[in-house]
Structures are given as structure tokens and as C-alpha cells.
Amino acid sequence: RHLRKITVGLADTEKKGTPRDTGFDITVASEIMAVLALTTSLADMRERLGRMVIGLSKSGEPITTDDLGVGGALAVLMK
């Protein structure tokens, strides 16, 4: 999630470096695979899957899988 918005082109080694904002979009499948790689237990996997942000509300607040009530279902499917 930390790579969603980054600033590049700031290093002294970049001769033509122009500072600009950019980012990476992580697809849901990639984020689920990252959770599988990092999880230490079923409870940990359930917690991590529940915290996944799937979008933003109209007011700009993040919406998680637990907000939609599907975090447990994701954990069962991945088990």
C-alpha cells in the first residue's frame, strides 16, 4: 500500500531527473497472493484479508473487505 503514491526523480544520480508523483496499482489478486505469502496463521490471514482496501467511498474514505462483510468468506476460500 505504501507504493500507491510515491515521488520519483529526486536522486542526485538522475541527470535528467524531473521530480514527479506516480504510483503503482496493486490488483486484488496480487494483494491476496501477498497476504498468502506473509500470513503466519489462519487468524492472521483472516485479519489481513479483512483489512484489504477495495475502493473509496464518495467521501474519499477507504472501504475494506470487512466493511462489506466478506473478509471471513475470503479467508475460507483461501484456506
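Look a little higher up for the structure.
Colleague: Whenever I open this one, the packing of helix H2 (residues 42-50) against helix H4 (residues 71-78) confuses me. Can you help?
Modeller: Packed helices, taken two at a time, are described by the angle their axes make and the gap between the axes. It is at 8 Å that the axes of H2 and H4 come closest, and there the two elements cross at 130°. The orientation of H2 with respect to H4, classified from their angle, is oblique. Crossing handedness for the pair H2 and H4: right-handed. On H4, the residues touching Met45, Arg46, Leu49 and Gly50 of H2 are Gly71, Gly72, Leu74, Ala75 and Met78. For the contact of H2 with H4, a count of residues per class yields five nonpolar, three polar and one charged.

Colleague: When you look at the pairing of strand S3 (residues 53-56) in this model, what are you seeing that I'm missing?
Modeller: Here is the key point about a regular strand: its side chains alternate between the two faces of the sheet. With three bridges joining them, S3 and strand S4 (residues 62-64) adopt antiparallel strand pairing. Bridged to valine 53 within S4 is threonine 64. Following S3, the chain reverses through five residues before pairing antiparallel with S4; glycine 60 in that reversal takes a positive phi of roughly 95°.

Colleague: What is the right way to read the environment of alanine 43 from this model?
Modeller: The residue alanine 43 is located in helix H2 in this model. On a C-alpha basis, the gap between alanine 43 and glycine 17 in space is 45 Å, while along the polypeptide they are 26 residues apart.

Colleague: What's the story with the environment of lysine 5 in this structure? I'm lost.
Modeller: Structurally, the position occupied by lysine 5 is in the segment before strand S1 (6-8). In this view, lysine 5 contacts Thr22 and Gly23; residues no more than four positions away in its chain are not counted.

Colleague: Explanation requested: the pattern of salt bridges in the structure shown.
Modeller: Taken as a whole, this structure holds three salt bridges when the rule is applied. The partner of arginine 46 in a salt bridge is aspartate 66, and the shortest N-O contact between them spans 2.9 Å. Here arginine 46 is found in helix H2, whereas its partner aspartate 66 is found in helix H3 (residues 65-68), with 20 residues between them in sequence. Note on aspartate 66: relative accessible area 38%, which makes it partly exposed.

Quick notes on the rules
- Along each chain, residues carry numbers from 1 onward, in the same order as the chain's sequence is written.
- Totals for whole chains, interfaces and linings use every residue, but because this is a predicted model, local features are given only for residues with pLDDT of at least 70 and side-chain atom pairs only at 80 or more, for both listing and counting.
- The side-chain figures draw on all heavy atoms in the structure; neither hydrogens nor water molecules are used.
- Helix axes use the C-alpha atoms of the stretch in contact, all axes being lines fitted to C-alpha atoms, and the angles between their N-to-C directions lie in the range 0 to 180 degrees.
- Helix and strand assignments follow DSSP, with helices taken as H or I runs no shorter than four residues and strands as E runs no shorter than two, numbered in order from the N terminus.
- When an angle is under 35 degrees it counts as roughly parallel; over 145 it counts as roughly antiparallel; between 65 and 115 it counts as roughly perpendicular; any other value is oblique.
- Left-handed describes a crossing whose near helix is turned anticlockwise from the far helix through less than a right angle; right-handed describes the clockwise counterpart.
- Here a residue-residue contact requires only that any non-hydrogen atoms of the pair lie within 4.5 Å.
- Residue polarity is assigned by list, with Asp, Glu, Lys and Arg as charged and Ala, Val, Leu, Ile, Met, Phe, Trp, Tyr, Cys and Pro as nonpolar; anything else, Gly included, falls into the polar class.
- By definition, two strands form a pair when at least two bridges between them are found by DSSP.
- Counted as salt bridges are all cases of a side-chain nitrogen of Lys or Arg within 4 Å of a carboxyl oxygen of Asp or Glu.
- Burial status follows relative accessibility: with a 1.4 Å probe on protein chains alone, a residue under 20% of its type maximum counts as buried, one over 50% as exposed, and anything between as partly exposed.

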